[in-house]
Amino acid sequence: MSGRATGLRQGLPMALVAAATTWVGMWSWKGFTSNWGDFLGPLLFVALVVSVGGAALRAAPLPRRAGVTLHVLLIVVVLWLMLGGSLLSPIASTCDLAASISDAWVSAATWAPPIPTTVPSIAPLMIPCGALALFLVDLTACWLRRVSLAGLPLLAVYCVPISLIGTGVSWPVFLAAAAGFLLMMFLQESAHISRWGRPLGTGAAGADPHGFGVSNGASKSSAGAVGSAAVVLAVILPIFIPTLHLDGLGMFGSGGSGSGVKVTNPITDMRRNLQRGKDVPLLDIVTNDPHPSYLRIAVLNQFNGLEWTTGSRQIISDQLANGIVPMEQGLARDVPLKSYNYSVQATSDFDSSWLPTQFPVSDIEAAGDWHWDATTMDFIAGSDQPTTAGATWTMVSSQPQLTAYSMAHSLQAPLAIQNAFTALPTTLPPLVSQLADRVTAGDTTRLQKAIDLQRWFRSTGHFRYSLKTASGDGNSALTTFLTRGKGGRIGYCEQFASAYAVMARSLDIPARVAVGFLQPSPGPNGDWVYSAHDLHAWPELYFRGSGWVRFEPTPSIRAKTTPIYTREPLTRPNGGPKKSQGPGGGKTATDPTSGQSVKKPHDQTTTSTSSGSGFHVPWVPLLVGLVVLVLLAVLALLPRSIRRARRTRRLAGHAEDAWAELRDSAIDLGVGWPSRRSPQDTGRLLVGWFGAEPDGPPPVRPARGRGLAPGAEDALDRVVGALERVRYARAASDEPGALAEDVRTCIAALEHGSTRSALRRASWMPRSVFARDDAESALVPGGRASETLVTGGVVDHVG
């Protein structure tokens, strides 16, 4: 017990300093959210658990692998209890924990940092990330005793907020973390020096003045030199290295704020531009479409309980708006299309990172870095495209001629779409689904339910359109909008589209919200003009064979008409639908009003993998990741392969080759090899490291020494004798491969006397592959006594 207490006292300072340094570094995460105390406070407790628990497990008489496993289990249990786990109802509490993590991820993916206090906290997401960083630092600095490697997770803790937020870390946090890292280096050097004994001899002449002493002066200078160099590099290198952008991870959304007619966060910016009252022209359109309308800007496919968002979008480099593009997902091949040509000119007042287009389009030509998304077929600006201000583009609108009969008799959506676009937050008030069930009571098809919901919202006896709505957001605003009373059932297009889509999802109908322009005004030269007051939002529902279909719940005072398929009977059309294109189609490069034929859209089979499944498969990152994994595997296997090939070649060689193989095997196992010794002296030292062949599983600390492996000792004598004859005799036989079996016997005896960790290192990271010939270490005589190191003149109490 006293030994365990001593080990705990020795290991606890390093563990506490490592945990404190990591926790201080996490203060750089404050910019993620306004409620940073929600995760920094609990992480302080986690830091104590990681440090004290790890030190106690390291002091216990346990194998290292078992101690690390118990350490991980301890951290996982503490996190589970801290985040709401319950021993009385573990399954239900785990489900609640998963829901809170999901809500935290939605908040992180939706809002730009700092995340406001009105949305679900991201603490359930940040606490496990912080615990992982604490464990990695403790693992490298305390379990593996490699403080230099602990700098990697500390660097990640420091760099991630810089990359995601784009602002620097405060100097007090940086200096405190740097001081903690220097202290960790000092403690490690002090621990290493404490393993060395007193200098040999009583006088100053008996010791090397450049050798190690028992004082900690060397550790101070070493830690100061290494740590200071690391701190200087951490300050200087970011000047020359570009900031890493992690937008592809989907961690933080774009938020949305600003001035002018600007569209970055579509729903937020549309709300601001509608309510401010200034109606400025935004788009000028020339088209042969007699009734242009519903020009779509972006699709909002995620509902987080607060608002609809575009979610995390991945920009694919080869999905450019420079020609024929795929048709929308889910649209059957036999649906007839009417095609119209559009030429669009954006004014300098329209500052949007989304490109307004008809839906669907079969062909588009937009100069710049515009990319289409496979699941939504909207167009977002890449890194090289500023905005739409002053831009021009052309497109071919291919409008499907849908029928109510085909939608009413369509099959359920594919599972990927059904699950993704009917998802609702767990905090949704029960009133929403209750109202949806009441409005659609008696309906037998999804289309009938969608039409009845549309009719209910547009009824003047139920709802009223107005831009002056009650303040508030989230579930409270949704509840107010759907109920009668003060401020209730009054709103504009955003509330109608959002409430309609949420109620449709509660009826298991895939739904999303689109933002764009409703109806243009005729221009002076036969063109059409969209202005700021034409901004609009509407829901889209999915029906297999018809794809994403537009509905219009906003009252007629704003949206005068509804889609024709919501007003026609649900019977089969006489004679069936024609498959030829209707009038008005065609495209030319110069005149968008001409009537020439249109380019044939992309074959839908080319996008069935990405769009039909509801998501785009990131093949390029997957292939790059696979290549990286293969390279890592090759690098991991390369030393082992080189060592095996070298052993095979040497065992088939002469006596000198056999002796060199025995030397490298000893070096790989950590035994070492004396320099400038005769074969006889080396053989006598090497026997002290022989171990007996175990009867059962190899022991953790095997015995070694003379007399344990007599067969190996005889084999070593034969190897030494053959080598001496070759080296010193006038004529000696040196047949290739004659000593192979004796060398194998000696190597097996060395392995039987080695620990499991030494065997693993010798197999995967053989030192002889990397060591130089002049870097050989001295063997301990007999495997027991201490060896004097000439350089330092001190005694190493090991072995």
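All figures in this text were calculated on a predicted structure; none of them were measured in a lab.

Enquirer: What's the story with the environment of Ala 131 in this structure? I'm lost.
Expert: Following the sequence through the fold, Ala 131 ends up in helix 5 (residues 123–143). Through-space distance from the C-alpha of Ala 131 to that of Thr 22 is 9.8 Å; in sequence the pair is 109 residues apart. If sequence neighbours within four positions are ignored, Ala 131 has contacts with Leu 43, Val 46, Ile 75 and Leu 79.

Enquirer: How should I be thinking about the pairing of strand 17 (residues 511–517) in this particular structure?
Expert: Looking down a regular strand, the side chains alternate between one sheet face and the other. Burial analysis of strand 17 places 7 of its 7 residues in the buried class, which makes it a mostly covered element. Relative to strand 17, strand 4 (residues 295–300) runs antiparallel, the two being bridged by 5 bridges. In the strand pairing of strand 17, Val 299 is matched with Ala 514. Pairing analysis gives 7 bridges linking strand 17 to strand 20 (residues 535–543), with the strands arranged antiparallel. The residue of strand 20 that forms the bridge with Gly 516 is His 536.

Enquirer: Help me understand the packing of aromatic side chains in this model?
Expert: Each aromatic ring pair is described using two quantities: the centre-to-centre distance and the angle formed by the ring planes. On inspection of all chains with the given rule, the structure shows 22 aromatic pairs. For the ring pair Phe 457 and Phe 496, a centre distance of 6.2 Å and an interplane angle of 80 degrees mean the geometry is edge-to-face. On the criterion of sequence distance, the pair formed by Phe 457 in helix 13 (residues 446–458) and Phe 496 in helix 15 (residues 493–506) is long-range, its members being 39 residues apart. You'll find Phe 457 and Phe 496 in the same group, each marked buried. Taking the centre distance of 6.2 Å and the plane angle of 25 degrees together, the rings of Tyr 500 and Phe 551 count as stacked. Of this pair, Tyr 500 sits in helix 15 while Phe 551 sits in the loop between strand 21 (547–550) and helix 16 (619–651); the two residues are 51 residues apart in sequence, bridging distant segments of the chain.

Enquirer: Would you explain the packing of helix 13 against helix 15 in this entry?
Expert: Interaxial distance between helix 13 and helix 15 falls to 11 Å at its minimum, and their mutual angle equals 150 degrees. Viewed along their axes, helix 13 and helix 15 adopt a mutual orientation that is roughly antiparallel. Of the two elements, helix 13 crosses helix 15, and the hand of that crossing is right-handed. Judged by residue contacts, Ala 450, Leu 453, Gln 454, Trp 456 and Phe 457 of helix 13 engage Phe 496, Ala 499, Tyr 500, Met 503 and Ala 504 from helix 15. Per-class residue counts for the contact of helix 13 with helix 15 are 9 nonpolar, 1 polar and no charged.

Enquirer: Is there a simple way to explain the pattern of salt bridges in this structure?
Expert: Tallied over the full model, the rule gives 15 salt bridges. For Glu 661, the salt bridge identified is with Arg 643, shortest N-O distance 2.8 Å. Taken together, the residues Glu 661 in helix 17 (residues 655–668) and Arg 643 in helix 16 connect sequence positions 18 residues apart. Of the two residues, Glu 661 and Arg 643, both sit in the buried class. Here the salt bridges share partners, and the residues they tie into one network are Arg 643, Arg 646, Arg 647, Arg 650, Glu 661, Arg 663, Asp 664 and Asp 668.

Enquirer: Would you mind going over the sheet that holds strand 17 with me for this structure?
Expert: Two modes of strand pairing occur in sheets, parallel and antiparallel, and in both the strands are linked by backbone hydrogen bonds. With respect to topology, 4 strands assemble into an open sheet ordered 4-17-20-21, the strand pairing being antiparallel. Unpaired on one side and paired on the other, strand 4 and strand 21 mark the two borders of the sheet. Going from strand to strand, the sheet's axes swing by 35 degrees on average, the running direction of each strand aside. As paired strands, strand 20 and strand 21 are joined by 4 bridges and run antiparallel to one another.

Enquirer: How should a nonpolar patch on the surface be read in this particular structure?
Expert: Taken together, the side chains of Val 624, Val 628, Leu 629, Leu 632, Leu 635, Leu 638 and Ile 642 present a nonpolar region at the surface, about 620 Å² in accessible area. Note that Leu 638 resides in helix 16.

Enquirer: Looking at this structure, I do not really get the nonpolar core. What am I missing?
Expert: A general tendency of soluble globular proteins is for nonpolar side chains to be buried together. One finds Phe 457, Leu 482, Met 503, Leu 541 and Phe 551 to be the most contacted residues of the largest nonpolar core, which totals 48 residues. The element that contributes the greatest number of residues to this core is helix 15, accounting for 9 residues. With near-sequence residues (within four places) excluded, Phe 457 lies in contact with Phe 463, Phe 481, Leu 482, Phe 496, Ala 499, Tyr 500, Met 503, Pro 553 and Pro 555. Leu 355, Ile 380, Ala 381 and Leu 535 belong to the second-largest nonpolar core, a separate cluster that totals 40 residues.

Enquirer: How should the confidence of the model for the protein chain be read in this particular structure?
Expert: Regions with low pLDDT carry predicted coordinates that are not meant to be interpreted in detail. Considering every residue of the protein chain, the mean pLDDT works out to 78; 76% of them sit at 70 or more. Of all helices and strands in the protein chain, the one with the weakest mean pLDDT is strand 22 (residues 794–796) (38), whereas strand 21 scores best (95). Here residues 238–260 scores under 50 on pLDDT; set against residues more than four positions off or in separate chains, the count is 43 contacts. Per-residue pLDDT stays below 50 along residues 773–778; that stretch engages in 13 contacts with residues further than four places along the chain or on separate chains.

Enquirer: What is the right way to look at unusual backbone geometry in this model?
Expert: Glycine aside, residues mostly have negative phi angles, and peptide bonds mostly take the trans form. Of note, the bond from Phe 359 into Pro 360 is cis; its omega dihedral lies within 30 degrees of zero at -5 degrees. With respect to the secondary-structure elements, Pro 360 resides in the loop between strand 10 (354–355) and strand 11 (361–366). You will see that Arg 145, though not glycine, has its phi angle at about 60 degrees, which is positive. Relative to the helices and strands, Arg 145 is located in the loop between helix 5 and helix 6 (147–165). Since its relative accessible area comes to 53%, Arg 145 is described here as exposed. Despite not being glycine, Asp 508 shows a phi value in the positive range, around 65 degrees. In this structure, Asp 508 sits in the loop between helix 15 and strand 17. Judged by its relative accessible area of 47%, Asp 508 is partly exposed.

Reading guide: rules and limits
- Each residue is numbered by its place in its chain's sequence as written, counting from 1.
- Confidence filtering applies because this is a predicted model: local features only for residues at pLDDT of at least 70, side-chain atom pairs given and counted only at 80 or more, and all residues used for totals across whole chains, interfaces and linings.
- Based on all heavy atoms of the structure, the side-chain values leave hydrogens and waters out of the count.
- The way it works is that DSSP assigns letters per residue, a run of H or I at least four long becomes a helix, a run of E at least two long becomes a strand, and they are numbered from the N terminus.
- Any two residues whose heavy atoms approach within 4.5 Å are treated as being in contact.
- Categorising residues by exposure relies on relative accessible area from a 1.4 Å probe, with only protein chains included: less than 20% of the type maximum marks a residue as buried, more than 50% marks it as exposed, and the intermediate range marks it as partly exposed.
- Pairing between two strands is assigned when DSSP locates at least 2 bridges connecting them.
- Aromatic rings from Phe, Tyr and Trp, taking only the six-membered ring of Trp, are treated as a pair when their centres fall within 6.5 Å; an angle between ring planes under 30 degrees marks them as stacked, one over 60 as edge-to-face, and anything in between as tilted.
- Note on geometry: axes are lines fitted to C-alpha atoms, helical ones only across the stretch in contact, with angles between N-to-C directions running from 0 to 180 degrees.
- Roughly parallel refers to an angle under 35 degrees, roughly antiparallel to one over 145, roughly perpendicular to one between 65 and 115, and oblique to any angle outside these ranges.
- Helix crossings get a hand from a simple test, with the near helix turned counterclockwise from the far one by less than a right angle marking a left-handed crossing and a clockwise turn marking a right-handed one.
- In the scheme used here, Gly and all other residues not listed as nonpolar or charged are polar, with Ala, Val, Leu, Ile, Met, Phe, Trp, Tyr, Cys and Pro taken as nonpolar and Asp, Glu, Lys and Arg as charged.
- The salt bridge criterion pairs a side-chain nitrogen of Lys or Arg with a carboxyl oxygen of Asp or Glu, the two atoms within 4 Å.
- Like-charged residues are merged into a patch within 9 Å and nonpolar side chains (Val, Leu, Ile, Met, Phe, Trp, Tyr) within 5 Å, provided each residue has over 30% relative accessible area and no salt bridge.
- For the accessible areas, the method is Shrake-Rupley and the probe is 1.4 Å, while residue cover comes only from the protein chains on display.
- For the purposes of this section, nonpolar cores are sets of buried Ala, Val, Leu, Ile, Met, Phe, Trp, Tyr and Cys residues that join through side-chain atoms within 4.5 Å.
- Confidence of the predictor in every single residue is expressed as pLDDT, which spans 0 to 100.

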